[in-house]
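Residue-level structure breakdown
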Amino acid sequence: MREFKVVVLGSGGVGKSALTVQFVSSTFIEKYDPTIEDFYRKEIEVDGQPSVLEILDTAGTEQFSSMRDLYIKNGQGFVVVYSITSQQTFHDIRNMKEQIVRVKGSENVPILLVGNKCDLSHQRQVRSEEGLALAESWSCPFTECSAKNNQNVNVTFAEIVREMNYVQNKSRQSKSCCSLM
Amino acid sequence: MSKEIDISIRYLENVLSTNNSTLILSSTAAVLEAVSKNCDTTNGELKRSIISLLRIIDKKCFLNQDVDVNQIKFSLQEVGKLSTKYPKSHQKPGNEVKVKTNAEFREIETVPNPDEENIDNLLNQLNLKKVPSFSPAFPDIGDDSDDENGITTKQKEEERAEQHGQKVCEEEVVKLPDGREIRMKKTKTVNVKQTTKHVTISTKSANMPEVSRTFMNARRGFDEDEEEENTNFGSSNMRGGDPFERFRSMLKDKDEKIEAIEGESSSDPGTPGSSSKSKTIERTSEVSQKVSEKKEKDGRLLAEHEASKLDKSNLFAKQVDTYQGAALIDRKGEGSYEESTLVRSALPQDSQVATPPRMHVVEYMMMFGDDKKNNENEYLKGTTISSYVRLNNNLTTHEEQFKKKIQFEFSTAGTSSTTIDLDNLSDLLNQTDFNCLRPPNKFLEDTPLIVEQPKAIDWQREPTSAPPEKDLLLEHDGVDYVIFREKEGKVLEVRGGPKDALIVYATQSTHSSLLYQEAFLITFRTFISSLELVNKLIKRYLYMSLADDSQSESIARHTFSVIVRIIDETTQYELDFDLITSVTSFVYRLIHDGNFTYSRILRTRLLDRIKDSFDIQTVLGTNLCKPRKPHDLFDFKSAEIACQLTFIDSQLYHRIESAELLWWAQEQNEKKSKNLVNFTEQFNNLSFWVRTLIITQGTQKERERHMMKFVKIMKHLREMCNFNSYLAILSAIMSTPLARLEWSKNIKDALKEHTAVMDTAQSYKNYRALLQTAKPPCVPYIGIILQDLTFVHAGNPDTIPSDRCHGAKNMINFLKRWNQFAILDSIRKLKKWNYDIKKNDIVVQYFNGFKDCIDEERTWQLSHQIKPSNRKSKTQA
């Protein structure tokens with residue numbers, strides 16, 4: 001089975017941890033323990049193909065700016081999250097793509113832009129169009145979701161899997177076509 | 001008027017003009033102490049005057065409000081007047097039931113009281129205390145052969161080495177009527193050493209009775225040293241470094257005593273004709289025991305076991321007696337007692353040890369809590385004593401460490417032990433007993449039980465008959481209202497309940513476990529603010545203290561100790577106007593009730609918290625002036641740099657309160673978690689500082705030399721278990737701008753053992769494993785702790801879903817708090833240990849607060865200058 005390492009990035013308070021928790025623990029667990037080895041691992045089936053995601057969520061450690069490089073280095077796909085209720089968090093991630101590309105040393109990095117907390121539409125500060133525009137400039141997909149209401153959460157993670165599959169295939173193709181030439 | 005009151009009042013009057021809050025507050029505390037000691041504290045008029053004095057001073061100093069100084073002076077004079085009017089009544093001791101001021105009775109007593117709190121009794125009790133002999137239970141490996149005729153030999157060796165050292169220093173200062181002083185000093189050192197070895201060999205065969213032979217071997221050593229010294233206070237300027245100078249001054253002292261005395265200035269406001277005797281004791285004791293067992297059959301080794309135990313204790317105590325003529329007028333003492341135990345045992349290779357279960361503190365504690373009938377001391381082990389479980393890679397040794405430190409005070413003015421649960425010194429000594437250590441192998445056998453978490457949870461519910469207006473805070477017992485976890489009919493720990501029930505349960509003296517109380521105190525901020533809790537507790541205390549029955553009194557005492565503990569751990573952020581007002585008005589109430597002892601304890605603690613200022617500049621050395629010639633990295637040994645980094649880290653780490661971490665996981669408020677922010681900033685600064693030092697070097701050779709130096713420093717940091725700086729440097733070395741450059745094979749090889757630590761896979765499995773093997777003292781990497789807390793917070797509801805508790809709403813989900821406690825408690829335990837490092841100003845100065853660094857952009861630019869990127873060319877092609 002394929003295994004992917006996904007890094008969740010974004011400022012503090014955008015609900016990253018809630019998003020991850022919602023994804024990795026869809027059932028109610030009596031003893032909830034994030035310190036166990038496979039806590040952040042989950043199997044997901046996308047387009048008939050099962051794969052395992054290992055999530056690295058940076059929630060709680062956003063202050064450790066010196067560690068961001070390492071997080072990015074460890075990841076294969078990136079879920080960049082902002083909160084639709086805060087313009088500031090949207091602003092914070094504007095140059096995230098450039099950072100990821102720089103660390104990974106390649107333009108072809110699977111990224112997904114996510115606007116969280118869409119259940120709080122009455123407090124919305126970032127319009128869907130703004131999110132979409134940024135995603136277009138990054139040439140990556142975009143979703144809005146609500147971790148609280150479990151709305152679009154699995155879709156989000158399925159989307160990043162598709163993106164990773166797509167980028168992998170593309171680079172494989174380009175390699176094979178290079179070798180052909 | 002008593003001399004003591006007079007002096008303290010006059011001193012406070014003088015201090016008022018300085019406008020220094022701290023000074024004024026501590027001088028006020030002195031007045032309060034003097035009055036409570038020397039006056040009739042039952043007098044209403046006097047109490048009222050004290051309260052109004054405190055009110056006005058608190059207003060000025062605690063709350064920083066404008067106050068007319070003349071008003072304070074007036075209040076102070078009033079207190080002075082009334083204290084003269086109502087001196088302590090010696091004839092009516094019955095009036096002072098609540099306050100344990102029995103100084104004057106002791107004065108009359110001539111026969112020494114064995115229970116009296118003085119340093120000699122303390123020492124006697126300590127000397128009587130013996131480390132019990134260590135007898136680990138080794139698993140008996142059965143003989144699996146059918147051979148009935150073979151000879152079985154069992155050899156048991158027991159070794160015990162004891163080493164005790166004691167240094168008693170007595171100093172007597174006699175104040176002559178004209179204000180001059182004579183000082184005498186006597187030091188006595190005793191060292192005792194003793195080793196014993198017992199060997200028992202028993203032989204058994206099928207047709208012969210068992211034969212046992214015993215050998216014993218003992219050695220003793222004794223060494224005593226006494227030194228007497230008479231010195232004059234006036235000649236205190238003698239230099240200790242020059243033995244001749246010292247010798248001369250001693251001679252002079254004997255021959256020309258009168259002349260020397262005349263040289264003394266009389267600025268000291270000593271009481272004429274008084275003398276004071278101070279006695280300091282330092283006592284260290286170390287007992288190491290080793291037991292090994294070997295079983296052979298016909299020369300074939302069946303089993304071999306070995307276990308050892310090391311007990312260490314350290315006492316430092318000081319007592320000052322003040323005499324007026326020949327009568328003892330005051331006795332005060334303080335000190336600390338520290339005890340640590342280390343048990344290590346080798347496990348038989350072939351014993352059935354499965355993979356070690358992941359040990360959570362809570363699980364570890366539940367193991368002790370599981371069997372409540374078990375000895376209380378066993379239970380204590382998991383809560384007040386730091387315990388660490390270490391299992392090394394091949395599982396051949398098992399190690400447990402216990403450490404306990406107690407600070408205490410005593411005085412003739414009544415006991416005020418700093419460790420609140422301990423009523424007096426003899427209790428203190430009983431509490432430090434480590435009699436029942438669980439043998440490690442039994443410990444491992446028990447673990448499967450812990451791993452198996454109860455799945456079906458039975459709810460125990462409160463009676464619904466309680467009328468809605470009933471105030472839980474005024475109940476003796478909250479147990480009926482608390483929801484417990486239950487497994488097979490056995491009540492495990494608290495699972496949840498209404499806020500007030502949890503508070504009541506935490507303050508009652510019976511039923512509730514120490515473990516729960518500890519968990520409550522660490523995590524209450526997640527469901528109630530300190531202010532609200534303190535107010536509720538004050539209400540509870542007052543209600544209970546008004547009742548006459550002993551149960552209520554005991555609850556009141558317990559409640560008070562919880563209040564003190566909360567005040568002790570309040571953060572600077574919480575100490576706002578409302579909290580201070582609540583506490584100070586409670587102090588007035590205590591005075592009103594005649595309870596001067598409690599009021600003084602509480603006021604002192606509050607003062608300590610408010611005074612507790614912290615200057616990060618001093619820690620980082622950024623306030624030091626720069627040296628003329630700047631140093632560079634290679635001026636210092638790697639070990640020294642590692643030490644100084646650890647010195648800085650551990651100071652910053654010790655400042656972090658559990659509350660800050662809990663808050664951070666919830667709201668990431670920098671104002672609330674100031675110390676935490678300081679600590680993470682230090683991490684980032686160090687990382688960028690390291691990057692800068694490496695990348696700004698002009699040549700490849702220099703860059704590699706610097707890189708290698710940091711790898712060496714990292715190695716030392718790991719050995720010292722300073723994972724904060726260790727990971728900060730590692731994050732720098734592994735950062736892409738540096739990692740993308742070419743490095744020699746030498747460096748790549750040296751880095752291999754470190755890079756795996758930073759692997760984020762499987763929830764930082766590698767780092768967690770490394771941390772488990774760490775021996776305290778230790779500074780952990782706080783990022784993972786924050787991440788764990790964030791996820792525990794995000795993943796667990798604050799209240800128990802109402803459908804799970806018969807529709808009741810707002811039941812606090814205490815399981816979430818247990819989880820938080822498990823994470824925080826390990827932090828708190830690590831904080832109990834300290835590194836023995838001296839600050840080296842030159843190195844700290846060199847660090848310069850790690851401010852001299854370039855930003856991330858510039859680092860990237862330099863990196864690309866050294867090795868141009870091929871990214872753009874690729875995309876263009």
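Throughout what follows, the structure given in this document is the object of discussion. The shown structure was predicted, so the numbers you read here are calculated from the model rather than taken from an experiment.

1. Digging into the overall build of chain B
When its secondary structure is counted, chain B shows 32 helices and eleven strands. Scored against the burial criterion, the 877 residues of chain B give a buried share of 49%. When contacts within chain B are restricted to residue pairs at least 6 apart in sequence, long-range pairs at least 24 apart make up 74% of them.

2. As for the interface of chain A and chain B
Residue-level contacts link 41 residues of chain A with 51 residues of chain B. When chain A packs against chain B, the two sides together hide about 4200 Å² of surface, and 54% of this comes from carbon and sulfur. Inspection of the chain A/chain B interface yields one salt bridge. The closest approach of N and O atoms between Glu857(B) and Arg102(A), which form a salt bridge, is 3.1 Å. Run the count over chain A and chain B and you get ten residue pairs in polar contact (both at pLDDT 80 or more).

3. Re the pattern of salt bridges
Evaluation of the coordinates by the stated rule reveals 37 salt bridges over all chains. Among the salt bridges present, the one from Asp798(B) reaches Arg817(B), with a minimum N-O distance of 2.9 Å. One end of the pair, Asp798(B), is in the loop between helix 28 (782-795) and strand 11 (812-813); the other, Arg817(B), is in helix 29 (residues 814-831), with 19 residues separating them in the sequence. Classification of Arg817(B) as buried rests on a relative accessible area of 0%. When salt bridges with common partners are traced through the structure, they connect Glu3(A), Arg41(A) and Glu54(A) into a single cluster.

4. Comments concerning the nonpolar core
Counting 187 residues, the largest nonpolar core has Leu113(A), Phe520(B), Leu602(B), Phe710(B), Ile729(B) and Ile782(B) as its most contacted members. The two domains that each donate at least three residues to this core are domain 1 (3-85) and domain 3 (638-778 + 833-866) of chain B. What Ile729(B) contacts, discounting residues up to four positions off in sequence, is Leu645(B), Leu686(B), Val690(B), Phe710(B), Ile713(B), Met714(B) and Leu717(B).

5. Topic: unusual backbone geometry
All names here are of chain B. Of note, Asn848 is a non-glycine position whose phi angle comes to about 50°, a positive value. By the element assignment, Asn848 lies in the loop between helix 30 (841-847) and helix 31 (856-866). For Asn848, a relative accessible area of 11% gives the class buried. Residues other than glycine seldom take positive phi values, yet Phe850 does so here, at roughly 55°. In this structure, Phe850 sits in the loop between helix 30 and helix 31.

6. Examining the environment of Glu493(B)
All names here are of chain B. Position of Glu493 relative to the elements: it lies in strand 10 (residues 490-497). Residue classification places Glu493 among the buried positions, given a relative accessible area of 6%. Distance in space between the C-alpha atoms of Glu493 and Trp818 is 9.5 Å, their sequence separation being 325 residues.

Reading guide: rules and limits
- Residues numbered from 1 in each chain as written.
- Chains lettered and ligands numbered in written order.
- Predicted model: local features only at pLDDT ≥ 70, side-chain atom pairs only at ≥ 80, totals over all residues.
- Heavy atoms only, no water.
- Helix = DSSP H or I, 4+ residues; strand = E, 2+ residues; numbered from the N terminus.
- Buried < 20%, exposed > 50% of the residue type's maximum accessible area, 1.4 Å probe, protein only.
- Contact = heavy atoms within 4.5 Å.
- Buried area = accessible area lost by both parts, 1.4 Å probe.
- Salt bridge = Lys/Arg side-chain N within 4 Å of Asp/Glu carboxyl O.
- Polar contact = N/O pair within 3.5 Å; in protein donor to acceptor, adjacent residues only side chain to side chain.
- Core = buried A, V, L, I, M, F, W, Y, C linked by side-chain atoms within 4.5 Å.
- Domains from an automatic or database assignment.

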